[in-house]
Amino acid sequence: MRNIHLERLESEAIYIMRETAAQFERPCLMFSGGKDSLVMVHLARKAFWPAPIPFPLLHVDTGHNFPETLELRDRLVKEIGAKLIVRTVQESIDRGRVKEEKGPNASRNMLQITTLLDALKELKVDSAIGGARRDEEKARAKERFFSHRDRFGQWDPKNQRPELWHIFNGRRHAGEHFRIFPLSNWTELDIWEYILMQGIEIPSMYFSHEREMVDRDGVLLAKCDYISLLDGETWKRETIRFRTVGDMTCTGAIRSTAATLEEIIEEVASARVTERGARADDMRSEAAMEDRKKQGYF
Amino acid sequence: MDLLRFTTAGSVDDGKSTLIGRLLYDSRSIHQDQYEAIERASAVQGNGAINLALLTDGLRAEREQGITIDVAYRYFSTPQRKFIIADTPGHIQYTRNMVTGASTAELAIILIDARNGVLQQSRRHGFIASLLQMPHILVAINKMDLVGYSEEVYREIVADYREFVQRVDIDDVVFIPISALEGDNVVEQSGRMDWYRGPTILHHLETVKVGEGRNVVDFRFPVQYVIRPNQNFRGYAGQVVSGSIAPGEDIVVLPSGQESRVHSIVRMEDDIQRARAGDSVVITVEDDIDIGRGDMIVRRRNQPQITRSIDADICWMSEQPMKTNRRWILQHATRSVQAVVGNVIYRMNVDTLHRETADTFGLNDIGRIEFELADPLFVDAYRVNRETGSFILIDPDTNNTVAAGMIRGAAQHVPPVGRVTTMERPVSPGVVWDDLYIPREERERQQGHQAAVIWMTGLSGSGKSTIARALEKRLFKHGARTMSIDGDQVRHGLCGDLSFSEADRTENSRRVSEAARLFFEQGSITICALVSPYRQDRAYPRHIIPEERFFEVHVDCDLEICKDRDPKGLYRKALDHEILDFTGISAPYEPPENPELLLQTHVLSVEECVDQIVAMLVTHGIMQDID
């Protein structure tokens with residue numbers, strides 16, 4: 001049976017990528033190493049085939065990455081001949097642009113906004129292609145494909161351009177830029193089904209494995225150098241997998257035995273918690289995502 | 001699994017968000033954490049029960065004000081289908097948002113509160129859906145629980161709305177009585193409305209035919225991007241927006257007109273044998289010709305209109321009113337051109353469906369404009385092809401998108417409502433007008449009188465046909481070559497495919513005008529008896545017939561007398577709502593401002609009227625005095 005809805009979503013995403021390359025001078029593709037950005041790289045390859053991807057991949061590195069994602073990133077970039085640019089939160093800290101959070105729940109998630117905006121400015125990026133999807137979170141349900149940011153990188157939900165039919169308006173003044181979201185209409189399940197259909201390689205921690213974990217307020221965090229235990233906490237060996245691969249300090253795992261794509265799809269289809277639901281950063285307040293977005297978060 | 005995009009429209013209190021929440025909740029598309037977040041928020045707002053509406057009211061400002069202020073997209077799927085909902089707010093001031101949501105949707109759900117019945121904005125939503133050529137409309141009559149699940153209330157609303165729907169251009173409309181709050185007929189069949197045997201909302205969404213809005217006939221390929229990795233490969237990337245293409249087929253590139261043949265359709269995995277509407281592909285052609293972004297690849301025998309002016313319906317979307325004296329950027333498919341307003345034809349009063357004189361448009365106004373373009377566009381009418389019939393206007397100073405446009409065709413210089421000026425006629429592309437083999441002048445010499453067109457306009461029952469018949473008889477008796485075209489007769493054949501909507505009336509009168517012109521050229525004194533209620537429609541024949549040969553005759557009669565005469569029983573039917581869009585009752589009549597002749601038939605007899613017309617023809621040298 002043909003997956004008509006996946007074909008439509010793929011065609012739409014490719015259309016958006018090409019529209020970006022045509023309307024902008026200096027696009028870049030935001031690359032995190034997660035499954036969504038891997039799907040985006042795949043779509044970008046298809047969009048410009050047989051030419052190489054005509055824009056670089058930009059990785060904002062918090063320094064708290066899962067090692068599996070970096071390994072795959074470097075291998076992929078080499079394989080497809082893409083250009084990769086890495087900017088690190090550590091550099092921003094060293095240059096005094098930001099201050100490291102303190103305490104047991106310290107995270108570099110907020111800090112990466114500054115690193116990102118600095119990098120976009122430095123590289124004169126006028127269109128940053130991101131993998132955000134409207135189904136992820138309420139504030140994103142109104143996001144545009146071509147999302148306008150003012151000169152401070154801020155998103156003003158009241159000042160977004162209407163998007164009609166398949167006509168996208170990427171006109172901008174000097175200093176302004178756009179975030180482009182080719183996967184806007186995809187759901188988590190679509191991503192997984194597409195990964196399966198296209199045979200896209202993803203980092204191993206998406207699949208079920210055993211790992212040392214700590215349960216902190218209901219969020220399962222992986223053992224790493226950046227997390228220290230609080231009173232009463234212990235590392236425990238668990239059978240888990242990750243549904244997203246952000247910063248290790250705030251990306252929660254789920255207990256799961258899904259070890260293949262088919263099993264993951266089965267699990268996602270019947271899941272009771274959205275994938276962002278396992279992220280500690282979203283749970284801080286009801287409007288957490290909207291606040292971060294306004295400041296320039298993806 | 002296929003995909004249905006639909007949009008929802010309703011006012012704040014119609015329960016739209018609750019309906020969407022209910023669809024998501026009952027189809028098990030809400031995750032546990034989302035549910036818990038709503039529980040928390042519901043507790044804060046202190047309204048007791050779980051508030052399903054909170055699921056869709058996205059931004060904090062909205063949650064605080066309790067209203068939705070922009071288009072929000074929602075996703076859910078069932079084993080049959082994946083759904084994308086464009087959730088648009090329904091207040092009057094947010095026409096803009098509904099237009100946006102509807103532009104990519106195939107179905108619109110219009111919510112009506114059973115307690116309030118059909119409101120102004122329910123009509124507004126229906127009108128926008130018809131303007132955007134939505135293939136399917138689902139009218140959800142909500143809050144049936146608050147009217148005791150009454151069949152009578154439901155029937156009344158259905159009858160009311162049906163009457164409205166017939167006045168606008170909507171093909172498929174389905175009515176479903178529901179209670180979003182209680183879940184009746186949303187996902188599960190209601191046990192409290194035995195009198196309703198139709199589908200539930202979800203069942204209808206799952207089974208309605210998708211893809212009907214897509215044009216699969218006319219191949220159009222706007223070039224998005226040129227792919228040239230090396231000297232040996234040159235491909236044109238884009239989306240097939242309509243029709244289909246295969247390797248080996250002949251193509252022509254617009255605007256250059258260069259012809260070639262498709263060599264291959266390239267994909268990363270493998271080459272494609274046929275690319276269809278909706279596919280993003282790369283096309284290579286056999287000849288080395290110059291093609292760039294903004295060009296359009298089409299078939300030689302099936303081309304869009306190539307035009308430097310367009311006639312379009314627009315929805316103004318900016319807080320800044322439209323200024324007619326400045327330049328805009330018009331973005332159409334992958335092409336952008338500069339545009340100036342040539343002519344504001346009218347603004348539509350969306351509530352009364354009347355066309356009003358206008359100089360400018362403000363936020364949420366809808367109307368009709370002609371634009372002059374600095375460079376040609378390749379367009380199809382929006383009703384035939386959504387993708388090549390749509391455009392946006394951009395303000396070059398702010399870069400904001402200020403209007404959405406739906407193309408009717410190349411501009412015909414339609415005179416603005418309330419101000420008749422000159423106009424030109426449409427011509428099929430690539431056709432040359434050959435003069436008749438026997439010129440009209442020679443025919444006129446032989447027959448001893450000149451050709452003319454007498455256009456009789458007036459209310460039904462005013463006496464047009466009666467006068468026309470008597471006039472023709474008189475002229476024929478005196479050896480004149482005559483022809484009469486009667487409004488009722490053409491509706492049987494020539495215009496049998498047209499309705500009485502505003503657009504179709506215009507087309508009706510255009511066809512009659514053109515037919516009259518052919519008889520005119522053949523030498524006849526051609527008598528047209530047609531209600532022809534709109535000034536601009538009557539301006540059309542005036543413009544295609546030479547001056548001094550066209551006579552507009554206003555057959556004027558008091559409406560009450562027409563109703564009284566009612567020769568065909570039409571007024572009675574119109575007053576009983578059996579006929580809709582009936583001029584004088586439920587549709588407007590714009591009397592001529594300067595007719596060549598005014599006949600007041602409640603004062604004059606038929607013979608007196610004929611005398612006056614003959615006298616007019618004699619005075620203007622069309623014929624000799626026949627007495």
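A tally of helices and strands in chain A yields eight helices and 10 strands. Each of the 298 residues in chain A was classed as buried or not, and the buried ones make up 63%. Of the contacts formed within chain A by residues at least 6 apart in sequence, a portion of 72% connects residues at least 24 apart.

Evaluated as defined, the whole model comprises 60 salt bridges over all chains. As a salt-bridge pair, Glu552 of chain B and Arg542 of chain B come within 2.9 Å of each other at their nearest N and O atoms. With a gap of 10 residues between them, Glu552 of chain B in strand β25 (residues 550–556) and Arg542 of chain B in helix α12 (residues 535–544) connect regions that are remote in the sequence. In this structure Arg542 of chain B comes out as partly exposed when scored by relative accessible area, which is 30%. Through salt bridges that share partners, Glu10 and Lys46 of chain A together with Arg267, Glu269 and Asp270 of chain B make up one connected network.

If you look at the biggest cluster of nonpolar residues, it comprises 75 residues, and the most contacted ones within it are Phe6, Ile109 and Phe127 of chain B. For Phe6 of chain B, the contacting residues outside a window of four places in its chain are Leu23, Phe76, Phe83, Ile84, Ile85, Ala86, Ala105, Leu107, Ile109 and Leu205 of chain B. With 70 residues, the next largest nonpolar core counts Phe145, Val214 and Ala222 of chain A together with Phe233 of chain B among its residues.

Residue and element names in this part refer to chain B. Its location among the elements puts Asn215 in the loop between α7 (201–207) and β7 (220–230). Polar side-chain contacts of Asn215 include one of 2.8 Å to the side chain of Asp218. A polar contact of 3.0 Å, which involves the side chain of Asn215, links it to the backbone oxygen of Val384.

Model confidence for chain A is summarised by a mean pLDDT of 84, while 87% of its residues fall at 70 or above. Scored below 50 in pLDDT, residues 282–287 of chain A shows 13 contacts in the model against residues more than four places distant or in partner chains.

Residues and elements named next belong to chain B. An order of β2-β3-β1-β4-β5-β6 is seen for the six strands of this open sheet, with the pairing classed as mixed. Both edges of this open sheet fall to β2 (72–77) and β6 (172–177), since each of them pairs with a single strand only. Ignoring which end each strand starts from, the neighbouring axes of this sheet average 25° apart. The pairing of strand β5 (residues 136–142) with β6 spans six bridges and is classified as parallel. Bridged to Ile137 within β6 is Val173.

Moving on: the packing of aromatic side chains. All chains considered together, the criterion is met by 23 aromatic pairs over all chains. When the centroid spacing of 5.7 Å and the interplanar angle of 90° are considered together, the rings of Phe48 of chain A and Phe55 of chain A count as edge-to-face. With 5.8 Å between their ring centres and 70° between their planes, Trp165 of chain A and Tyr382 of chain B make a pair best called edge-to-face. One end of the pair, Trp165 of chain A, is in the loop between β5 (146–149) and β6 (177–180); the other, Tyr382 of chain B, is in the loop between β19 (366–379) and β20 (390–394), on a second chain. Of the two residues, Trp165 of chain A and Tyr382 of chain B, neither departs from the other in class, the shared state being buried. Three or more aromatic residues link up through ring pairs in this structure, and these residues are Tyr15, Phe24, Phe145, Phe146, Phe168 and Phe178 of chain A. The positively charged end of Arg134 of chain A is found above the aromatic ring belonging to Tyr73 of chain B, 3.9 Å away from the centroid.

How each quantity is defined
- Residues numbered from 1 in each chain as written.
- Chains lettered and ligands numbered in written order.
- Predicted model: local features only at pLDDT ≥ 70, side-chain atom pairs only at ≥ 80, totals over all residues.
- Heavy atoms only, no water.
- Helix = DSSP H or I, 4+ residues; strand = E, 2+ residues; numbered from the N terminus.
- Buried < 20%, exposed > 50% of the residue type's maximum accessible area, 1.4 Å probe, protein only.
- Contact = heavy atoms within 4.5 Å.
- Salt bridge = Lys/Arg side-chain N within 4 Å of Asp/Glu carboxyl O.
- Core = buried A, V, L, I, M, F, W, Y, C linked by side-chain atoms within 4.5 Å.
- Polar contact = N/O pair within 3.5 Å; in protein donor to acceptor, adjacent residues only side chain to side chain.
- pLDDT = per-residue confidence, 0-100.
- Pairing = 2+ DSSP bridges.
- Axes fitted to C-alpha atoms, helices over the stretch in contact; angles between N-to-C directions.
- Phe/Tyr/Trp six-rings, centres within 6.5 Å; stacked < 30°, edge-to-face > 60°.
- Lys NZ or Arg CZ within 6 Å of the ring centre and 35° of its normal.

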